[in-house]
Amino acid sequence: MPIIESRENKILRLANVLSRSIPQQELLSQDKQIIMLNNWIKTKGYETQGPLIMYSSGVIGTDVDGEPLINSRIMIQLKQNSVRLEVPYRFDKEIRVENCLFARFNGDAEKLQFATMKLQLFAYENDVELTGETYMVLIKQEEKCLLADVFMPVKPKENQGE
């Protein structure tokens, strides 16, 4: 049985990041959004470097039906340091997130949620407050096996308790 390795105070640094928001109504069809992003990259002649990254803001509110609202993005790093953007794409030269809880998951893709649960439990047991954001770096994907790094930012001490 694989073990989920975890650490504190890690930094996530991404360069030349192209991202696309996933509309709330399409959160369950992320594969379609990934295909659309990859097709856009190919048609524009850009080259990627590194793995796919999935971002989630955590719950930011509720909709008119009381359902939770979450900002989700798919992200990929490009070799190019500038791109000609079109809606709904966004480009960031650098994304740097300091002081994250980190977990490396290697196992059945359907059990990836245990990595985030482990970090949430660590935060609870150690009185650490998280921002609610999650970055999942999908390093290697095979049929049922997944190698992924999970980063969950910690709230700065002056903002904890809000």
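Please refer to the structure higher up on the page.
To start, this report covers the structure provided alongside it. Computed from a prediction, not measured in an experiment: that's the story for all the values here.

Thresholds, definitions, all that
- Residues numbered from 1 in each chain as written.
- Predicted model: local features only at pLDDT ≥ 70, side-chain atom pairs only at ≥ 80, totals over all residues.
- Heavy atoms only, no water.
- Helix = DSSP H or I, 4+ residues; strand = E, 2+ residues; numbered from the N terminus.
- Buried < 20%, exposed > 50% of the residue type's maximum accessible area, 1.4 Å probe, protein only.
- Salt bridge = Lys/Arg side-chain N within 4 Å of Asp/Glu carboxyl O.

Focus on unusual backbone geometry
Phi is mostly negative for residues that are not glycine, and the peptide bonds are mostly trans.
Moving on, step 1. Here the amide bond leading from Val 87 into Pro 88 is cis, since omega sits at 15 degrees, within 30 degrees of zero.
Moving on, step 2. When you line up the elements, Pro 88 lands in the loop between strand 3 (68-78) and strand 4 (89-108).
Moving on, step 3. Notably, Asn 9 is not glycine yet its phi reads approximately 55 degrees, a positive angle.
Moving on, step 4. Inspection of the secondary structure puts Asn 9 in strand 1 (residues 5-22).
Moving on, step 5. On the accessibility criterion, Asn 9 (55% relative accessible area) is exposed.
Moving on, step 6. Even without being glycine, Asp 127 reaches a positive phi, approximately 55 degrees.
Moving on, step 7. Looking at the secondary structure, you find Asp 127 in the loop between helix 2 (113-125) and strand 5 (134-141).

Topic: the pattern of salt bridges
A side chain with one charge may pair with a side chain of the opposite charge, provided their charged atoms come close.
Moving on, step 1. On inspection of all chains with the given rule, the structure shows ten salt bridges.
Moving on, step 2. In this structure, Glu 5 and Arg 7 form a salt bridge, with 3.6 Å as the shortest nitrogen-oxygen distance.
Moving on, step 3. Taking relative accessible area as the criterion, Glu 5 reaches 43% and is therefore assigned partly exposed.
Moving on, step 4. Arg 7 gets classed as partly exposed once you look at its relative accessible area, which sits at 42%.

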